[in-house]
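Topology and contacts: notes
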Amino acid sequence: MEKYGMNTNCLTLTRFFLKEQRKHKDATGELTQCLNAILTAVKAIQSAVRKAGISKLFGLAGNTNSTGDDQKKLDVLSDELFINMLRSSYTTCILASEEDENVIVVDKHKQGKYIVCFDPLDGSSNIDCLVSIGSIFGIWKRESDSGDPKLSDALQPGSKMVCSGYALYGSACMIVLATDSGVNGFMLDPAIGEFILTDPDMKIKPRGNIYSINEGYTAKWDEAVKEYIHDKKNPKSGKPYGSRYVGSMVADLHRTLVYGGIFLYPATSDSPNGKLRLMYECNPMAYIIEKAGGMATTGKQRVLDVIPTDIHQRVPFFIGSKDDVQDVLACYKKHGLGGH
């Protein structure tokens, strides 16, 4: 396979999914088609990110998105790429983006059975300083066959997802995908323009030694979070945890998946419901980490069990190695702040 200086039998992401498809007798190929549309968007975004400075794609576009954040030019470009690729894939009926206030209902003649929620460019406040950024997406199946697709069809808990993933635009471009059968990582080979399986069956360590949180908000955390972070910095025995915080969720979560540890974005006195969005940030990441053997909680309940009431709903978020997340839950229980 390698005698010509390259692998002539590499396992691409599409080939991987076609292989997975054969395991399901009722598979129609629609999910593979949907993922191919996302791959096209990701490749185009990765290309735009690489040449953003040259193409003058840095800076503000003059608009704000659905949650009040200033939109960067790359945000707008990425949003349009995701929407256009998914609309024309003939596999989706509803699209929900961080950048758009309302859900997008796909034209009737192009409709399929899937609902896709996505953050087209997460961590975009880091664009101008060249820090790693990413895209996040979750895919659900529409449960109702009757009538036109509507918002209520999209408001499903994360536990009903069929697939989720993220793309990381860093020192290399990588896609991490989770399905019911596990988590796999694919690296973009720019020589052939394909994502190649490089990290099969990814698993997170039961416990790490890194915590990731924005400590600038310490004074605004609840007592459970304050105690947890204090205990990690000042343990009664053993070494203290290291602190790593990029401020780009995809980069922080990818490191957590690879090295173990915990990522925390708790509620604050200013944002009592948390800051991260449930449908296109927390749910897809929680699905990936759980399939890799980790945990994700709001402090009161499992993230994937939260019944959404709004497409842009926010929740507190604690995610990572199982033992580390259970330590946070123990603190919440001790302070009488935990749920069921």
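Read on for a plain summary of the structure. Computed from a predicted model, the values in this text were never measured in an experiment.

**Examining the overall build of the chain**
Across its full length, the chain holds 8 helices and 17 strands. The C-alpha atoms of the chain give 20 Å as radius of gyration, which agrees with the globular expectation for 340 residues (20 Å, within 12%). Dimensions of the chain, computed from C-alpha atoms along their principal axes, come out at roughly 55 × 55 × 50 Å. Expressed as a percentage of the 340 residues in the chain, the buried residues total 52%. The contacts in the chain between residues at least 6 apart in sequence include a share of 64% that link residues at least 24 apart. Roughly 15,500 Å² of accessible area belongs to the chain as shown, and the carbon and sulfur atoms make up 50% of that amount. Between the mean site of the 40 positive side-chain charges and the mean site of the 40 negative ones, the chain shows a separation of 5 Å.

**With respect to the nonpolar core**
What tends to happen in soluble globular proteins is that the nonpolar side chains get buried as a cluster. L257, M285 and F317 are the most contacted members of the largest nonpolar core, which totals 45 residues. At 9 residues, the largest contribution of residues to this core is made by helix α7 (residues 278-291).

**Focus on the packing of aromatic side chains**
Inspection of every chain in the model, using the stated rule, returns 4 aromatic pairs. On the basis of an interplanar angle of 70° and a centroid distance of 5.3 Å, the ring pair of F16 and F186 is categorised as edge-to-face. Taken together, the residues span a long stretch of sequence, with F16 in helix α1 (residues 13-21) and F186 in strand β9 (residues 182-189) at a distance of 170 residues. Across the pair, F186 and F16 agree in class, each one buried. Following the ring pairs from residue to residue traces out a cluster consisting of F16, F17 and F186.

**Here we look at the sheet that holds strand β12 (residues 242-243)**
In spatial order, the strands read β12-β11-β13-β17-β15; together these 5 strands make up an open sheet with mixed pairing. Here the strands that pair on one side only, and so sit at the sheet edges, are β12 and β15 (295-297). As paired strands, strand β11 (residues 210-212) and β12 are joined by 2 bridges and run parallel to one another. Bridging from a neighbouring strand, I210 pairs with G242 of β12. Along the sheet, helix α6 (residues 249-259) makes contact with β11, β13 (262-265) and β17 (317-320), crossing β13 at roughly 150°.

**Details of the pairing of strand β8 (residues 173-179)**
With 7 of its 7 residues buried, β8 lies for the most part within the structure. Side-chain alternation along β8 places C173, I175, L177 and T179 on one buried face and M174, V176 and A178 on a second face that is also buried. Judged from the 7 bridges that link them, strand β7 (residues 161-169) and β8 form a sheet pairing that is antiparallel. Pairing of G165 across the sheet is with L177, part of β8. The loop that links β7 with its antiparallel partner β8 comprises 3 residues. Where β8 lies against β9, 6 bridges are found, and the strand directions are antiparallel. Its bridge partner lying in β9, A178 is registered against V183.

**Observations concerning the pattern of salt bridges**
Scanning the entire structure with this criterion turns up 18 salt bridges. For R207, the salt bridge is made with D327, and the minimal N-O distance between the two is 2.8 Å. On the criterion of sequence distance, the pair formed by R207 in the loop between β10 (194-199) and β11 and D327 in helix α8 (residues 322-334) is long-range, its members being 120 residues apart. By relative accessible area, which is 37% here, R207 ends up partly exposed. Between R277 and E281 there is a salt bridge; the shortest N-O distance is 3.4 Å. In this structure R277 comes out as buried when scored by relative accessible area, which is 6%.

The rules behind these values
- Residues numbered from 1 in each chain as written.
- Predicted model: local features only at pLDDT ≥ 70, side-chain atom pairs only at ≥ 80, totals over all residues.
- Heavy atoms only, no water.
- Helix = DSSP H or I, 4+ residues; strand = E, 2+ residues; numbered from the N terminus.
- Rg over C-alpha atoms; globule rule 2.2 N^0.38 Å.
- Buried < 20%, exposed > 50% of the residue type's maximum accessible area, 1.4 Å probe, protein only.
- Contact = heavy atoms within 4.5 Å.
- Areas by Shrake-Rupley, 256 points an atom, 1.4 Å probe, with all protein chains shown as cover.
- Lys, Arg positive; Asp, Glu negative; His and termini not counted.
- Charge placed at Lys NZ, Arg CZ, Asp CG, Glu CD.
- Core = buried A, V, L, I, M, F, W, Y, C linked by side-chain atoms within 4.5 Å.
- Phe/Tyr/Trp six-rings, centres within 6.5 Å; stacked < 30°, edge-to-face > 60°.
- Pairing = 2+ DSSP bridges.
- Axes fitted to C-alpha atoms, helices over the stretch in contact; angles between N-to-C directions.
- Salt bridge = Lys/Arg side-chain N within 4 Å of Asp/Glu carboxyl O.

Distances and angles like these do not, on their own, reveal function.
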